[in-house]
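Understanding the architecture of this molecule
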Amino acid sequence: MADLPRAMPFPGPPAPNRLQGLLRPVFGGLLDLIYPRLCCLCKVPVPLDAPRAGMRAWFCQPCADEVPWVEPPFCKVCGEMYDGAFTHDFRCMNCDGRRLAFDFAIAACRAEGPVRELVHQFKYERKLHLRGVLAALLLKTLDDPRLAGEDLATWRLVPVPLHRSREHDREFNQSRELALRLGQATGIPVSDALLRCRETDTQARLDREERLQNLRGAFALRRTRYRRRPPSLQGGRILLVDDVFTTGATTSECARVLRQEGGAEKVVVITVARG
Ligand SMILES: [Zn+2]
Ligand SMILES: [Zn+2]
């Protein structure tokens, strides 16, 4: 990714109280002796010489070693991993013959082990501070060779929106939190271009086609005043941000709206995890 700062301003775990928060930047090393920084998963103190930003600020070494990164070979559309030696690009059976509205989807990790646990705590136990570590994982998606050579500073990060009532219950939109953090770290602008206008029934029991049908009309462009469409979308290149990619039905419907109604030229889905 050209022309973007690679320094990672994702701070490590937050200080447990305000006083420490003020003192830690100044007396960091000393405070670590008294109040050790803890691994966000196993709660073991991280070594005193661990970096203060990026993944290693959050994980002890054994937990960092357990992060299940997505590695090739994987489906060139949805990112599903496969065993074996594929020497060419391929589409998995799930994507073959299916019209997905995004160009392709990149996930940083598989939704297993420590990553599944972190996403669960972030979303359902409302541990908002975990957005830092999840965004640090999400950053890995930008290393995908298909984005090499792109000037990502001209792209937009667009979070998958939650319906108002769902966001009210959860108190935050996990995708938006991740997009904001990633935007801070990389300088890529964040645009709340989409709106979820209809809550949908649970998708779990539906098959592929039914899921897509179920989502029709669930998303719309967030209009500016005077009901104009967001001008920045026309011809734009979008990184559509979500926490977990499962079937791709939701992100595909978002991408369809961004393209057909917003005029976006390219939509690439990036997620922390691949379910
Ligand atoms: Zn650990
Ligand atoms: Zn696929």
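Only a predicted model underlies this, so the values are computations on that prediction, with no experimental measurement involved.

Now for the sheet that holds strand β1 (residues 104-110). In space, the 4 strands of this open sheet follow the order β1-β6-β5-β2, with parallel pairing throughout. In this open sheet, the two strands that pair with only one neighbour each are β1 and β2 (156-159). Recorded for the sheet is a direction-independent mean angle of 25° between the axes of neighbouring strands. As paired elements, strand β5 (residues 237-245) and strand β6 (residues 266-274) share 8 bridges and run parallel to each other. Residue pairing across strands places arginine 237 opposite lysine 266, the latter belonging to β6. Sitting on the sheet, helix α3 (residues 113-124) touches β1, β5 and β6, and the angle it makes with β6 is about 100°. Lying on the sheet, helix α8 (residues 249-260) is in contact with β1, β2, β5 and β6; it crosses β5 at an angle near 165°.

For α3, built from 12 residues, the straight-helix expectation of 16 Å at 1.5 Å per residue is met to within 8% by its first-to-last C-alpha distance of 16 Å. When we look at burial in α3, the residues that qualify are Pro114, Val115, Leu118, Val119 and Phe122. Along the long axis of α3, the arc covered by the buried residues comes to 130°, so they all point the same way. As for α3, its buried residues are in contact with α2 (61-65), β1, α4 (131-138), α6 (174-186), β5 and β6. Phi for arginine 126, located one or two positions after α3, is positive at around 55°.

Close inspection of predicted coordinates is inappropriate in any region flagged by low pLDDT. Here the chain averages 85 in pLDDT, while 83% of its residues score no lower than 70. Contacts for the low-pLDDT stretch residues 1-9, under 50 throughout, to residues beyond four places or in other chains number 20 contacts.

This part is about the pairing of β6. Across the 9 residues that make up β6, a large majority, 8, are buried. Regarding the hand of the β-α-β motif, the stretch spanning β5, α8 and β6 is right-handed.

All buried positions along helix α7 (residues 208-215) are accounted for by Arg211, Leu212 and Leu215. The buried residues of α7 occupy one face: seen down the axis, they fall within an arc of 95°. Exposed side of α7, more than 90 degrees from the buried face: Glu209, Glu210 and Gln213 are the residues found there. Turning to α7, the residues buried within the fold contact α8.

Criteria and thresholds
- Residues numbered from 1 in each chain as written.
- Chains lettered and ligands numbered in written order.
- Predicted model: local features only at pLDDT ≥ 70, side-chain atom pairs only at ≥ 80, totals over all residues.
- Pairing = 2+ DSSP bridges.
- Helix = DSSP H or I, 4+ residues; strand = E, 2+ residues; numbered from the N terminus.
- Axes fitted to C-alpha atoms, helices over the stretch in contact; angles between N-to-C directions.
- Contact = placed C-beta atoms within 7 Å.
- Expected span 1.5 Å × (residues − 1).
- Buried ≥ 20, exposed ≤ 12 C-beta atoms within 10 Å, placed from the backbone.
- Arc of directions from axis to C-beta.
- pLDDT = per-residue confidence, 0-100.
- Right-handed = clockwise from strand over helix to strand, strands pointing away.

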